[in-house]
Amino acid sequence: MAAAGSSPSIVEYFGGEDGYRCGYCKNETGNLSHGMWAHSMTVQDYQDLIDRGWRRSGKYVYKPIMNQTCCPQYTIRCQALRFQTSKSHKKVLKKMLKFISKGDVSKVVSEEEPMDSHIEDVAACDFAYKSESHVSQSELTPLSVDHAERVENEDKDTGETKEEVNVQTVESASLQICADKDTPVPGEPSHSAKIVHAPPKPGKGADLSKPPCRKAKDIRKERKLQKLLQNQMCAFEGSQLQAGDQVFLLQNSKSKTNQPKTIEDFVFVSLPDDARHKLEVRVVRSSPPSSQFKATFQESYQVYKRYQMVIHKDPPDKPTINQFTRFLCDSPLEAENAPNGPECGYGSFHQQYWLDGKIIAVGVIDILPYCVSSVYLYYDPDYSFLSLGVYSALREIAFTRQLHEKAPDLCFYYMGFYIHSCPKMRYKLMKVVLRNWAE
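Procedures and definitions
Residues numbered from 1 in each chain as written. Predicted model: local features only at pLDDT ≥ 70, side-chain atom pairs only at ≥ 80, totals over all residues. Heavy atoms only, no water. Helix = DSSP H or I, 4+ residues; strand = E, 2+ residues; numbered from the N terminus. Buried < 20%, exposed > 50% of the residue type's maximum accessible area, 1.4 Å probe, protein only. Areas by Shrake-Rupley, 256 points an atom, 1.4 Å probe, with all protein chains shown as cover. Pairing = 2+ DSSP bridges. Axes fitted to C-alpha atoms, helices over the stretch in contact; angles between N-to-C directions. Contact = heavy atoms within 4.5 Å. Salt bridge = Lys/Arg side-chain N within 4 Å of Asp/Glu carboxyl O. Arc of directions from axis to C-beta. Phe/Tyr/Trp six-rings, centres within 6.5 Å; stacked < 30°, edge-to-face > 60°. Lys NZ or Arg CZ within 6 Å of the ring centre and 35° of its normal. Disulfide = S-S within 2.5 Å. pLDDT = per-residue confidence, 0-100. Parallel < 35°, antiparallel > 145°, perpendicular 65-115°, else oblique. Nonpolar A, V, L, I, M, F, W, Y, C, P; charged D, E, K, R; others polar.

Quick word on the overall build of the chain
Moving on, step 1. In terms of regular secondary structure, the chain is built from 10 helices and 14 strands.
Moving on, step 2. Residue burial in the chain is summarised as follows: out of 439 residues, 44% are buried.
Moving on, step 3. A total accessible area of about 24,200 Å² is found for the chain, and carbon and sulfur atoms account for 52% of it.

Remarks on the sheet that holds strand β2 (residues 33-40)
Moving on, step 1. As summarised here, the arrangement of the 4 strands in space is β1-β2-β4-β3, forming an open sheet in which the pairing is antiparallel. Strands at the two margins of the open sheet, each flanked by one partner only, are β1 (10-15) and β3 (55-57). Averaged over all adjacent pairs, the angle separating strand axes in this sheet is 30 degrees, with direction ignored.
Moving on, step 2. Note that β1 and β2 share 5 bridges and pair antiparallel. Counted as the bridge partner of Val11 is Ala38 from β2.

A short note on the pairing of β2
Moving on, step 1. With 5 bridges joining them, β2 and strand β4 (residues 60-64) adopt antiparallel strand pairing. Directly across from His34, in β4, lies its bridge partner Lys63.

Overview of the side chain of Arg55
Moving on, step 1. Mapped onto the elements, Arg55 comes out in strand β3.
Moving on, step 2. Once residues lying within four places of it in the same chain are set aside, the contact partners of Arg55 are Tyr46, Tyr60, Val61, Tyr62, Ser373, Ser374, Val375, Tyr414, Gly416 and Phe417.

Here's the deal with the pattern of salt bridges
Moving on, step 1. This structure, assessed with the given rule, holds 7 salt bridges.
Moving on, step 2. Residue Glu28 is joined to Arg21 by a salt bridge in which the shortest nitrogen-to-oxygen separation is 3.4 Å.
Moving on, step 3. Between Asp314 and Lys318 there is a salt bridge, with the nearest N and O atoms lying 4.0 Å from each other.
Moving on, step 4. Among the residues examined, Asp314 registers a relative accessible area of 14% and is labelled buried.
Moving on, step 5. Judged by relative accessible area, which is 49%, Lys318 ranks as partly exposed.
Moving on, step 6. Several salt bridges share partner residues, and in doing so they unite Arg306, Asp380 and Asp382 into one network.

As for helix α8 (residues 321-329)
Moving on, step 1. Along α8, the residues classified as buried are Phe324, Phe327, Leu328 and Cys329. The arc that holds every buried residue of α8, seen down its axis, measures 150 degrees, which confines them to one face. Exposed residues on α8 whose side chains face more than 90 degrees from its buried face are Asn322 and Arg326.

Overview of the environment of Met66
Moving on, step 1. Locating Met66 in the fold gives a position in the loop between β4 and β5 (73-79).
Moving on, step 2. Every residue in contact with Met66, bar those within four places of it in the chain, is listed here: Pro72, Gln73 and Tyr74.

Points about the packing of aromatic side chains
Moving on, step 1. In this structure the tally under the stated criterion is 14 aromatic pairs.
Moving on, step 2. Judged by centre distance (4.7 Å) and plane angle (70 degrees), the rings of Phe327 and Tyr376 are edge-to-face. Here Phe327 is found in helix α8, whereas its partner Tyr376 is found in strand β13 (residues 371-379), with 49 residues between them in sequence. Summarising the burial analysis for this pair, Phe327 and Tyr376 share the class buried.
Moving on, step 3. The ring of Phe412 carries Arg77 above its face, with NZ or CZ at 3.7 Å from the centroid.

Some remarks on the sheet that holds strand β12 (residues 358-367)
Moving on, step 1. With mixed pairing, 6 strands are arranged side by side in an open sheet as β5-β14-β13-β12-β11-β10. Unpaired on one side and paired on the other, β5 and β10 (279-287) mark the two borders of the sheet. The mean angle between the axes of side-by-side strands here comes to 35 degrees, regardless of whether they run parallel or antiparallel.
Moving on, step 2. Where β12 lies against β13, 7 bridges are found, and the strand directions are antiparallel. Bridging from a neighbouring strand, Gly363 pairs with Leu377 of β13.

A few points about the state of the cysteines
Moving on, step 1. For the structure on display, the rule yields 0 disulfides.
Moving on, step 2. Left unpaired, Cys22 is separated from the closest cysteine sulfur, that of Cys70, by 3.6 Å.

Some remarks on the confidence of the model for the chain
Moving on, step 1. Averaged over the chain, the pLDDT score is 76; the fraction of residues at 70 or greater is 65%.
Moving on, step 2. pLDDT under 50 marks residues 108-194. Its contacts with residues more than four places away, or in other chains, come to 222 contacts.

Focus: the packing of helix α2 (residues 87-102) against helix α9 (residues 388-406)
In a packed pair of helices, the relevant descriptors are the angle between the two axes and the axis-to-axis distance.
Moving on, step 1. At a minimum axis distance of 10 Å, the contact between α2 and α9 shows a crossing angle of 100 degrees. In terms of axis orientation, α2 runs roughly perpendicular to α9. Contacts between α2 and α9 involve His89, Val92, Leu93 and Met96 from the former and Leu388, Val390, Tyr391 and Leu394 from the latter.
Moving on, step 2. Of the residues in the contact of α2 with α9, the class split is 7 nonpolar, 1 polar and no charged.

Remarks on the pairing of β12
Moving on, step 1. With respect to burial, β12 is a largely interior element, 9 of its 10 residues being buried.
Moving on, step 2. In this structure, strand β11 (residues 347-355) lies alongside β12, joined through 9 bridges in antiparallel fashion. Within β12, the position partnered with Tyr353 by the bridge is Ala361.
Moving on, step 3. Where β11 folds back onto β12 in an antiparallel hairpin, the turn is made up of 2 residues, including Asp356, whose phi is positive at roughly 50 degrees.
Moving on, step 4. Hairpin connection from β12 to β13: 3 residues lie between these consecutive antiparallel strands.

A short note on the side chain of Ser286
Moving on, step 1. Its place among the elements puts Ser286 in strand β10.
Moving on, step 2. On the accessibility criterion, Ser286 (5% relative accessible area) is buried.
Moving on, step 3. Ignoring sequence-local partners within four residues, the contact set of Ser286 consists of Phe293, Cys329, Ser348, Phe349 and His350.

Structure (structure tokens):
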């Protein structure tokens, strides 16, 4: 299985007869998997393994026995080249951009992201959570919905003014619908029906002295149409636009005005000269350790230790340097550099996020012939408000796209295992697997 010109992979197979404790359902002997210790392994061999359901934790490579283990774990990946940002993704990217450029801090208190949920909301469209078999899961906290909702205009790209419309609850007794001369068809709404407002009780109902509320979406559509018609008047000079022409113009304009923004539009945007903060992402080889990795080892370890203690409630003596090294630094993957491969080469890396000269997050990744495989993420809990789990996953997708430009075969982003029995991952199933499962 070794690639041409490289040393063969050397592994020691352990078998999968004995069960051990599951980190998800807490079954003491329910977790069954095939396992082997990889003394060395080529990147092509590991690529073939993860495509068959294997994953690594340090130098230990394992594959769940799907028909026997208590919590079956499925490999899931994202087609990075087809990935499109969702509404929640854009919110995270904009939040980081505002923080860097203006120092704005979101007023919403973000929940601590558990390690397995490397991507809190970023999976809302194309993929599921990172996971390690020994890491605990936190329960999903349902979102609370206020009785009065605020609708915000997100079409900033078109230069329109942001508007908010408060949706007010109106008692049915305050509205009386009187039919017009035309008799409506039973079961269908009448377009000629008139709405007569009965005086509401004090403190209840809508304020009839003000115009009725309109949906922000309708207002935006009307303004887009008006703006489009004004811009197109020169092309239709001397002729009166009919209703059909207006609809035609609006439909033709959607491809231009509604172009979705990509991750790159947010992360590679030019910052003002007076930006409050500076964010830099560095990719350093972790195995064999590069000089940059060695120089930042202690600082990176301290971020990991604090993350484990604050987020996972580990005691101070658990996240030791040896444990950190075995888990996130040691790797069986051999460093390889191919003529048609990425400039950084293949192998294991740490993607460090530097904010104003200090490390605030580290993404552990493997760069393989066909994919970027995300292993783990840890970050400074003081910066939880930046949703670093989501942000780092989006940056890793953008990084995969960058590598694809030099290595055309590299086009996938692996997020590790999907576990249906995990409540938080099951919540993501409707938005991930049913929408954009990468076969």
